[in-house]
Amino acid sequence: MGAACAFLWVHAAMAQNPKTDGWMLSPGVVGTMVLLAIVLFIGALIIAAKVSRLLEQNKEKQAATSETSISEEERIKRKLAAQYKLRGDELGGTATAFDDKALIAGATSEPNNPLVEEKLYSRTRLEVPKQLQQLVIWYLGAATFWLIFGTAVGEYLGLKFIWPDLDEVAWLSFGRLRPVHTNTVFWGWASMAMIGLAYFVIARTSVTKIHSYKTGWWAFGLINLSVIVGNILLMAGINNGGGEYREYIWPAMLPFALGLILTFRNFYATVKRRKIPEIYVSNWYLLASLVWTIVLTIIGYLPFYQGGMGETIVQGYYMHMGVGMWFMTFTLGLIYYYLPSSLNKPIYSYSLGVLAFWTQMLFYTLIGTHHFIYSPLPWWLQTVAIVFSMGMFIPVIAGTTNFLMTMRGSWSAIGKSYVLPFFLVGVIFYFVGSSQGSFQAFRFTQNIWHFTDFNVAHSHMTMYGIICFILWACIYALLPKMTGREPSQLLVGAHFWLAFIGLFAYTVSLMAGGSVKGIAWMNGVSFIDTVIATRGYWTWRAVGGTLMFVSHCIFAWNFYIMVHNPLPPVASQVRKPIPTEQ
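Quick look at the structure, then.

### Digging into the overall build of the protein chain
Each helix and strand in the protein chain was counted, giving 18 helices and two strands. A total of about 26,300 Å² of accessible surface is found on the protein chain, and carbon and sulfur atoms cover 68% of it.

### Some details on unusual backbone geometry
Most of the time, phi is negative for any residue but glycine, and the peptide bond is trans. Although it is not a glycine, Phe451 sits at a positive phi angle of roughly 65°. Mapped onto the secondary structure, Phe451 falls in the loop between α14 (443-449) and α15 (453-483). Its identity as a non-glycine residue notwithstanding, Asn565 has a phi of 50°, on the positive side. Within the fold, Asn565 resides in the loop between α18 (535-563) and β2 (574-575).

### Considering the nonpolar core
Among the nonpolar cores identified, the biggest contains 148 residues, and Trp189, Leu334 and Trp472 are the most heavily contacted of them. The leading source of residues in this core is α15, at 21 residues. In this structure, Leu334 is in contact with Met194, Leu197, Ala198, Val201, Leu286, Leu339, Leu471 and Cys474, ignoring residues within four places of it in sequence.

### Details of α18
Here α18 is 29 residues long and its end C-alpha atoms lie 42 Å apart, about the 42 Å a rise of 1.5 Å per residue gives. Following α18 by one or two positions, Asn565 has its phi on the positive side, about 50°.

### As for the packing of aromatic side chains
In this structure the tally under the stated criterion is 53 aromatic pairs. A centroid spacing of 6.1 Å and a plane angle of 70° characterise the contact between Trp189 and Phe555, whose relative ring orientation is edge-to-face. Pair noted here: Trp189 is in helix α5 (residues 174-206) and Phe555 is in helix α18, with a separation of 366 residues, a long-range link. For the pair shown, Trp189 and Phe555 are each scored as buried. One aromatic cluster is present, built from ring pairs that chain together Trp189, Tyr418, Phe422, Tyr464, Phe469, Trp472, Tyr476, Phe496, Trp497, Phe500 and Phe555. We note Arg246 situated over the ring of Tyr318; from NZ or CZ to the ring centre the distance is 5.7 Å. One cation-aromatic arrangement involves Arg443 over Trp379; the distance from NZ or CZ to the ring centre is 3.9 Å.

### Quick notes on the packing of helix α4 (residues 130-162) against α18
Following both chains from N to C, one finds α4 and α18 inclined at 160°, their axes separated by 9 Å at the closest point. As judged from the angle between their axes, α4 and α18 are roughly antiparallel. Remark: the crossing between α4 and α18 carries left-handed chirality. Here the residues of the contact of α4 with α18 sort into 16 nonpolar, eight polar and three charged.

### Quick look at the packing of helix α7 (residues 250-272) against helix α8 (residues 281-301)
The N-to-C vectors of α7 and α8 enclose an angle of 155°; their axes lie 10 Å apart at closest approach. One finds that α7 runs roughly antiparallel with respect to α8. With respect to the hand of their crossing, α7 and α8 are arranged in left-handed fashion. Contacts from Trp250, Met253, Ala257, Leu260, Ile261, Thr263, Phe264, Phe267, Tyr268 and Val271 in α7 reach Asn283, Leu287, Leu290, Val291, Thr293, Ile294, Thr297 and Tyr301 in α8.

### Looking at the environment of Ile261
Along the chain, Ile261 turns up in helix α7. For Ile261, a relative accessible area of 39% corresponds to the partly exposed category. Considering only alpha carbons, one finds Ile261 and Thr293, 32 residues apart in sequence, at a separation of 9.5 Å.

### Description of the environment of Leu503
By the element assignment, Leu503 lies in helix α16 (residues 489-522). When its relative accessible area of 0% is taken as the criterion, Leu503 is described as buried. Taking C-alpha positions, Leu503 is 8.2 Å from Leu547, a pair spaced 44 residues apart along the chain.

### Quick look at the side chain of Asn183
Mapping Asn183 onto the fold places it in helix α5. At 2.7 Å, the side chain of Asn183 forms a polar contact with the backbone oxygen of Pro179. Setting aside anything within four residues of it in sequence, one finds Asn183 in contact with Gly188, Leu234, Tyr245, Glu247 and Tyr248.

### Re α16
Taking 1.5 Å as the rise per residue, α16 with 34 residues should run 50 Å; its terminal C-alpha atoms sit 49 Å apart, in good agreement. With 25 of 34 residues buried, α16 lies mostly within the body of the structure. Of the residues flanking the end of α16, it is Gly524, one or two places downstream, whose phi is positive at about 85°.

Conventions we followed
In this numbering scheme, every chain counts its residues from 1 along its sequence in written order. In keeping with the model being predicted, local features are shown solely for residues with a pLDDT of at least 70 and side-chain atom pairs are shown and tallied solely at 80 or more, while totals for entire chains, interfaces and linings include all residues. The basis for every side-chain value is the complete set of heavy atoms in the structure, and neither hydrogens nor water enter the calculation. Runs of H or I in DSSP of at least four residues are treated as helices and runs of E of at least two as strands, each being numbered from the N terminus. The method behind every accessible area is Shrake-Rupley, applied with a 1.4 Å probe, and residues are considered shielded solely by the protein chains displayed. Only buried residues count toward a nonpolar core. Its members are Ala, Val, Leu, Ile, Met, Phe, Trp, Tyr and Cys residues joined through side-chain atoms within 4.5 Å. Exposure classes here rest on a 1.4 Å probe applied to the protein chains alone. A residue is buried below 20% of its type maximum, exposed above 50%, and partly exposed in between. We call two residues in contact when some of their heavy atoms are within 4.5 Å. One less than the number of residues in a helix, times 1.5 Å, gives the span that helix is expected to have. Working definition: rings of Phe, Tyr and Trp (its six-membered ring) pair if their centres are within 6.5 Å, and the pair is stacked with planes under 30 degrees apart, edge-to-face with planes over 60 apart, and tilted otherwise. Any Lys NZ or Arg CZ found within 6 Å of a ring centre and within 35 degrees of that ring's normal is scored as a charge over the ring. The convention used is that axes are lines fitted to C-alpha atoms, helices contributing only their stretch in contact, and that angles between N-to-C directions extend from 0 to 180 degrees. Convention used here: angles under 35 degrees read as roughly parallel, angles over 145 as roughly antiparallel, angles from 65 to 115 as roughly perpendicular, and any remaining angle as oblique. In this scheme the crossing of two helices becomes right-handed for a clockwise turn of the near helix relative to the far one and left-handed for an anticlockwise turn of less than a right angle. Under the scheme applied, nonpolar residues are Ala, Val, Leu, Ile, Met, Phe, Trp, Tyr, Cys and Pro; charged residues are Asp, Glu, Lys and Arg; polar residues are all the others, including Gly. Polar contacts, as counted here, are pairs of nitrogen or oxygen atoms within 3.5 Å of one another; within protein the pair requires one atom able to donate a hydrogen and one able to accept it, and residues that are adjacent in sequence qualify only if both atoms are side-chain atoms.

Below you can see the structure in the form of structure tokens.
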């Protein structure tokens, strides 16, 4: 009853103050609503594809049942008809071919090559050197462990919003566990998964062996050491003073930085000795992301940037660059390889990829200050951040167009495999989450949403909706071809839908609750009353978070199935190998 009264009080205050009149019609709010509608549409599209597939399978079963009533002679005729194949030269001839009516849109000399490779079960095997296979699997295995650990902590924190007296133990307090959650999924789960997947991409696109597997294992140990030590210190109350995603003190972050330097050296040396003249666009993104992140880590921890307004500017730079120039840029590099290879077709436009690369570098590096609109920071710096946030529409639209056009003509695969739906959701969230961030940079919407739960929703829309879904898509696309072990499509589907529905419930509830809270603050409602008014939204946050955590447990089981006891490749299923020697 008290929560209901507080909720009504908040809305009454909003209705009486002219400062918030027409807030629903502001460009940032309208844009966000449209973007959420796009996510709903994509979910409906995937459901429709799955239902269509089920209906198709039902028809096939009915057709098989009806065959039992026909005669044996008719059954033999049908069987022979189904086995008939063209020789391939029925439409051939000796004359020079010329399409004088321009009727042919495309042709192929490989009619048996499927447009979409990822059917219900992919029988294609990749001959991968044993050392590379082990390195990739261990990186992905460590990433999976950190995903479960980090999101278990996040699940516990979500429950604390509903039951704040859940415990009275100091090292389990919200202030200590929240950075454990964020740093674990950042530096443990996502970073380890990205690097593991990239080792395969670097070797494959360079048609050569990895420069040094020993270096790869050293980086593996250093990054895991950083996460372990950093989390122990955070739970002990030893941190970097509250800078978001920068809570690890510098001795704990140092091994991570060294791991990145070793990884860059290994990747660069591998690409340098490639067997082909071109550098594939994926490698642009992967190498540049490593360079930017090494620079970012050094700048973020330099001692003379740790005080006053300079610390605030560097925090915005570090926080936003960490997401955009490490996770986003690196993951885009993975998409440029794994998406076209899963579809068995080239990327739609190399030029769009290069355009997105350079505009990402130009615009993303100067937008961190849009987190501090109406702060004591210089007004001109805030304006530059807003303008460059609008400029981010260029790389986002270029990249989204490139990926969707690469998928063009392959929509039927949505109903046959979950690899493409993971990619599709990740690409759509790339457009939706990034565009929503640009809309949120407007001064009015920042005034409403900053310091509210809305920012938590936005961060999950990007880091979870984009990064996690793309990483899962790449893992499901690669591991079965590397190990010969396929996970249950039913469990992969359960992983997909629990994660997707959970994310949608999580983000929408926190966006709504954050809007209520922010507008109430603008109208002078006391903080504790807004806390009471938004408790119902936190309940939905916990529901969505629980669905997401369950999906991660299913993914962990699927990962175990894919890597447990790999099968030896069969010669007829093997694609050309990655060279094991120079």
